[in-house]
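Next come the chains, spelled out residue by residue.
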Amino acid sequence: MEPRPDATRGRGVLASAAAAITVLAVIGVTNALSSNGGGTLITIPDPPPGPVAMRMVGYGHAAIAVPKVWGTNASRCGIPHRDTVLIDDPAAASYCDLPRPPDVDSVELGTDPPSGFQVDEVFLVNGVRAERRKTTCASDDVCWGAVGLPSLHVWFRASSSTDAAVVDEILSRIEILPDRVGVPSSRTTDGRDSTAYAKSLRELGLRTEISTRTSTVYKPGRLVSVSPSPGTLLSPGETVTLTVIK
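Note that this is a predicted model, so its numbers are computed, not measured.

With respect to the packing of aromatic side chains
Thinking step 1. Tallied over the entire structure, the rule returns zero aromatic pairs.
Thinking step 2. It is Arg133 that lies over the ring of Trp144; its NZ or CZ is 3.8 Å from the centre.
Thinking step 3. Geometry around Trp144 places Arg157 over its ring, the cationic atom sitting 4.2 Å from the centre.

In structure tokens:
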């Protein structure tokens, strides 16, 4: 038998009243605890942070993991202004006496030992000889260290205005990746010679494609851009496009 409409409404009113009483009771207990100073305030801790998403950058088969949120060449006159990886940084060619902001970390990829590099330790990275310059901190509180892989012509220079431990942690993320190829620096060839650079790409197992443009400034054959950009990891056989002055 179907319930009468007035009975249904009655149950709805009773349910609403019960809910209201419950809410008032909670409010009353909360107020009582607050006014009397009694009870225990339970604080629920924030959940632990999840793992940091990383990306790999490198030259040839040598690569290093950096957080995805890091910029690329985020610098002024070669001085990082936020966490970044420096790869063929065009700003590094200019000089200005800018201080490094606090709590900024960076890693720079190079094809030659960085200035001030010395071998303090020798070890292996996936079977490849590596040379380490120990981490030191300067009077401006900027710390740096470096790892070189001479047989691969790759050096990683990490620096930080946070602390020395950060530098060591960054450099611990270097790997040798036999099945991946980092687009090499376009500065490895004298005068950005496109022919020599294309040859270096092919020696690493990458294909090349030439795109041309005209210029009233640069001489024919000069390499003006590379896509994907240096530092990008590719699979062997993938294509790198070189834009060359015709």
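Here we look at the sheet that holds strand β14 (residues 207-213)
Remark on secondary structure: sheet strands pair via backbone hydrogen bonds, oriented parallel or antiparallel.
Thinking step 1. As summarised here, the arrangement of the three strands in space is β14-β17-β15, forming an open sheet in which the pairing is mixed. Sheet topology places β14 and β15 (223-227) at the edges, where each strand pairs with a single neighbour. Each strand axis lies, on average, 25° off the axis of its neighbour in the sheet, ignoring direction.
Thinking step 2. Note: β14 against strand β17 (residues 239-245), seven bridges, orientation parallel. Bridging from a neighbouring strand, Ile210 pairs with Leu242 of β17.

What about the pattern of salt bridges?
Thinking step 1. Inspection of every chain in the model, using the stated rule, returns three salt bridges.
Thinking step 2. Put simply, Glu131 and Arg129 hold a salt bridge, and the shortest N to O gap is 3.3 Å.
Thinking step 3. With a relative accessible area of 13%, Glu131 lands in the buried category.

A look at the pairing of strand β10 (residues 143-149)
Thinking step 1. Counting buried positions along β10 gives seven out of seven residues, so the element sits mostly inside the fold.
Thinking step 2. Taking every second residue as pointing to the same face, both faces of β10 are buried, with Cys143, Gly145, Val147 and Leu149 on one and Trp144, Ala146 and Gly148 on the other.
Thinking step 3. Here strand β9 (residues 128-137) hands over to β10 after five residues, with Asp141 in that stretch at a positive phi of 70°.
Thinking step 4. As paired strands, β10 and strand β11 (residues 154-160) are joined by seven bridges and run antiparallel to one another. The residue of β11 that forms the bridge with Ala146 is Arg157.
Thinking step 5. The loop that links β10 with its antiparallel partner β11 comprises four residues; one of these, His153, has a positive phi angle of about 60°.

Rules behind the numbers
- Every residue gets a number counted from 1 within its own chain, in the order that chain's sequence is written.
- Given that this is a predicted model, residues contribute local features only at a pLDDT of at least 70 and side-chain atom pairs are listed and counted only at 80 or more, while totals for whole chains, interfaces and linings are drawn from all residues.
- Hydrogens and water are ignored here; the side-chain numbers use all heavy atoms of the structure.
- Working definition: a ring pair exists when centres of Phe, Tyr or Trp rings (six-membered ring for Trp) sit within 6.5 Å. Plane angles under 30 degrees give stacked, over 60 give edge-to-face, the rest tilted.
- Sitting over a ring, as applied to charges here, requires NZ of Lys or CZ of Arg to be within 6 Å of the ring centre and within 35 degrees of the ring normal.
- Paired strands, in this sense, are two strands between which DSSP finds at least two bridges.
- Where helices and strands are cited, they refer to DSSP runs of H or I of at least four residues and of E of at least two residues respectively, numbered from the N terminus.
- Lines are fitted to the C-alpha atoms to define the axes, a helix being fitted only along its stretch in contact, and any angle between axes, read from their N-to-C directions, falls within 0 to 180 degrees.
- One side-chain nitrogen of Lys or Arg within 4 Å of one carboxyl oxygen of Asp or Glu is enough to make a salt bridge.
- Partly exposed describes any residue whose relative accessible area lies between the buried limit of under 20% and the exposed limit of over 50%, with all areas from a 1.4 Å probe on protein chains only and scaled to the type maximum.

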